[in-house]
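Survey of secondary and tertiary structure
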Amino acid sequence: MKNLLSALGIPLLLAACAVGPTVQDEPLVERYWRVLAIDGQPLPAGVNRAEPHIVLTAALRTHGSDGCNRFHGSYDTAAGLQFGQMASTMMACPPPLDALARQFSAAIGATADYRITGRVMELLDARGKVRLRLEATALK
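To start, this report covers the structure provided alongside it.

Once that is clear, we can look at the environment of alanine 37. Along the chain, alanine 37 turns up in strand β1 (residues 32-38). Alanine 37 gets classed as buried once you look at its relative accessible area, which sits at 12%. Counting along the chain gives 95 residues from alanine 37 to leucine 132, while the straight-line C-alpha distance between them is 5.8 Å. With sequence-adjacent residues up to four places away left out, alanine 37 is seen in contact with Pro42, Leu43, Arg131, Leu132 and Arg133.

This is how it looks when you write it as structure tokens:
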């Protein structure tokens, strides 16, 4: 009997050890979301430029940078995630930052929903296509 319990207990113990700790999904708000990719294209490494990012506050306000210009505005989560009218600085961005800023703005404008898995958030358009892939980092 003792051997039978030992034989049954070992697989259960091993199964319990095989399950790793679950990673908590980051909350949508009060996080610094650093852009990893736009429309499936990883962001190029940049020196001496603003990091493209988004911060969403609990007060339904947003701010961040497109990699060249800073912006602020509103957002709504009543049906997915939609960004409202944005105000932005209007600095002349040299190539290739000008194209990056346009791609970022187009992706934000097309956002209809989001999903968060662990520390990664994906902003999706109305067809479910991932437009922006972001990573949560400490608020800066």
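And the narrative resumes.
Let's shift gears to the pattern of salt bridges. Should their charged atoms come close, side chains of opposite charge can pair. One pass over the structure, following the stated rule, counts eight salt bridges. Note that aspartate 98 and arginine 102 form a salt bridge whose closest N and O atoms lie 3.9 Å from each other. Remark: arginine 102 and aspartate 98 occur in helix α2 (residues 97-110); sequence separation between them is four residues, near one turn of the helix. Judged by relative accessible area, arginine 102 falls into the exposed class, the value being 53%. Among the salt bridges present, the one from glutamate 122 reaches arginine 133, with a minimum N-O distance of 3.6 Å. In this pair, glutamate 122 sits in strand β8 (residues 120-124) while arginine 133 sits in strand β9 (residues 130-137), placing the two residues eleven residues apart along the sequence. A residue is classified by how much of its surface remains accessible, and arginine 133, at 36% relative accessible area, is partly exposed. A single network of salt bridges, built from pairs that share partners, joins Arg34, Glu51 and Glu135.

Counting 24 residues, the largest nonpolar core has Ile54, Leu56, Leu123 and Leu132 as its most contacted members. At the level of elements, β1, β3 (53-56), β5 (70-76), α2, β8 and β9 are the ones that each hand at least two residues to this core. Of the residues forming this core, the biggest block, five residues, is contributed by α2. When residues no more than four places from it in sequence are discounted, the contact partners of leucine 56 are Leu28, Val29, Glu30, Arg31, Trp33, Arg61, Thr62, Tyr75, Leu81, Phe83 and Met121.

With the exception of glycine, most residues fall at negative phi, and the peptide bonds are largely trans. Cis rather than trans, the peptide bond between proline 95 and proline 96 has omega equal to 0°. Position of proline 96 among the secondary structure elements: in the loop between β6 (82-88) and α2. The phi dihedral of aspartate 39 is positive, around 50°, even though this residue is not glycine.

Before going further, it helps to examine the side chain of threonine 137. Within the secondary structure layout, threonine 137 lies in strand β9. The residues touching threonine 137, leaving out its near neighbours within four places in the chain, are Tyr32, Arg34 and Arg119.

If you walk through the whole model with that rule in mind, you get one aromatic pair. For the ring pair phenylalanine 71 and phenylalanine 104, a centre distance of 5.7 Å and an interplane angle of 45° mean the geometry is tilted. Placement of phenylalanine 71 in strand β5 and of phenylalanine 104 in helix α2 is noted, with a sequence separation of 33 residues between them. Neither phenylalanine 71 nor phenylalanine 104 differs from the other in exposure class; each is buried.

In this section: the state of the cysteines. Evaluated as defined, the whole model comprises one disulfide. What pairs with cysteine 68 in a disulfide is cysteine 93, and their sulfur atoms sit 1.9 Å apart. Taking the sign of the S-S torsion, about -100° here, the bridge from cysteine 68 to cysteine 93 comes out left-handed. Taken as a pair, cysteine 68 in the loop between β4 (61-65) and β5 and cysteine 93 in the loop between β6 and α2 lie far apart in primary sequence, 25 residues in all. Grouping residues by exposure puts cysteine 68 and cysteine 93 together as buried.

How each quantity is defined
- Counting restarts for each chain, with residues numbered from 1 along the sequence as it is written.
- Thresholds applied to this predicted model are a pLDDT of at least 70 for local features of residues and 80 or more for the giving and counting of side-chain atom pairs; totals over whole chains, interfaces and linings are not thresholded and use all residues.
- Excluded from the side-chain calculations are hydrogens and water; all other atoms, namely the structure's heavy atoms, are used.
- Here a strand is any run of E in DSSP of at least two residues, a helix any run of H or I of at least four, and the numbering for each starts at the N terminus.
- The cut-offs for exposure are 20% and 50% of the maximum accessible area for each residue type, with area from a 1.4 Å probe on protein chains only; residues under the lower value are buried, those over the upper are exposed, and the others partly exposed.
- Throughout, a contact is declared for two residues whenever any of their heavy atoms are within 4.5 Å.
- In what follows, salt bridge is the name for a side-chain nitrogen of Lys or Arg lying within 4 Å of a carboxyl oxygen of Asp or Glu.
- Here, the term nonpolar core denotes a set of buried Ala, Val, Leu, Ile, Met, Phe, Trp, Tyr and Cys residues that are joined through side-chain atoms within 4.5 Å.
- Stacked, tilted and edge-to-face are the three classes assigned to paired rings of Phe, Tyr and Trp, where Trp is represented by its six-membered ring and a pair needs centres within 6.5 Å; plane angles under 30 degrees give stacked, over 60 edge-to-face, the rest tilted.
- The term disulfide is used for any two cysteine sulfur atoms that are within 2.5 Å.

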